[in-house]
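Reading the structure
Letter by letter, the chains look like this.
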Amino acid sequence: MRESILILLLVLLIILFVVLRKRGEKKESERLEIERLDRERKRKEGLKALSEEEKSLIYSLSMKERTAFLKNAEKDYDILFHPFNDLVYEKESGNKQIETKSLGYYVIEKGVDRIAAFFFSTDPDFESISAITLNINGMVSRRFEGFESYMKPMYFEAKSGDLITIEIEFDGTKEFTLENFGVLLLKRRLPKQPS
């Protein structure tokens, strides 16, 4: 009888622990969502405050910086562009203010020494994007929030066999398309052999 009561108490304690843990996780998730929405609201307000000329200038400066980055990288690497899956999002009733979608995954091919992110072959609607997260081997390598943040190209230490994924957060209240968006695969050039 005493053993049955102890077992019952233990089971109740475990159930109570699980309930409290789930409640704590839910509160933490709600807190993070509120913070994320607040950052997104501030980002949108900041963009609205910019004139078209200012937006154009920011974009132009970003593209110049990207061109300089590529020219620098070409000195040491052979460069390949790897696009991720296109994202075509159709607005439906009940969509959240911020949607999160994965662009798929890619296992880095043999011979790649590092990668650079983010690159595109057509101009994306950057104003709709809230954040971009690059994951390497299932771990967050870098999270970028705001236009100027993810327009700035960066090197990442990733090698052959590593698994990379890209997650996009964007305004879920309107239609959104992202095509030909991805990373550069960098293969270090071997020094030229004397003839």
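Everything in this summary refers to the structure shown in the same document. (Residues numbered from 1 in each chain as written. Predicted model: local features only at pLDDT ≥ 70, side-chain atom pairs only at ≥ 80, totals over all residues. Heavy atoms only, no water.)

Okay, the overall build of the chain next. Counting its secondary structure elements, the chain contains three helices and 10 strands. The N-to-C order of helical and strand elements in the chain reads α-α-β-β-β-β-β-β-α-β-β-β-β. Relative to the 2.2 N^0.38 estimate, which gives 16 Å for 195 residues, the radius of gyration of the chain is 23 Å and therefore markedly larger than a compact globule would have. Based on the C-alpha atoms only, the size of the chain along its principal axes is roughly 90 × 50 × 25 Å. Burial statistics for the chain: of 195 residues in total, 33% are counted as buried. Contacts spanning at least 24 positions in sequence make up 82% of the contacts within the chain whose residues lie at least 6 apart. For the chain, the accessible area works out to roughly 13000 Å², and carbon and sulfur atoms hold 56% of it. (Helix = DSSP H or I, 4+ residues; strand = E, 2+ residues; numbered from the N terminus. Rg over C-alpha atoms; globule rule 2.2 N^0.38 Å. Buried < 20%, exposed > 50% of the residue type's maximum accessible area, 1.4 Å probe, protein only. Contact = heavy atoms within 4.5 Å. Areas by Shrake-Rupley, 256 points an atom, 1.4 Å probe, with all protein chains shown as cover.)

A word on unusual backbone geometry. A cis amide bond links A117 with the next residue in sequence, F118, at an omega value of -5°. The topology assignment puts F118 in strand β4 (residues 114–120). A positive phi angle, close to 50°, is found at N180, a residue other than glycine. Locating N180 in the fold gives a position in the loop between β9 (176–178) and β10 (181–188). The class for N180 is partly exposed, based on a relative accessible area of 29%.

This part covers a nonpolar patch on the surface. On the surface, I5, L6, I7, L8, L9, V11, L12, I15 and V19 cluster together to form a nonpolar patch covering roughly 830 Å² of accessible area. Counting through the fold element by element, L6 comes out in helix α1 (residues 2–49). (Patch = residues over 30% accessible without salt bridge, like charges linked within 9 Å, V, L, I, M, F, W, Y side chains within 5 Å. Salt bridge = Lys/Arg side-chain N within 4 Å of Asp/Glu carboxyl O.)

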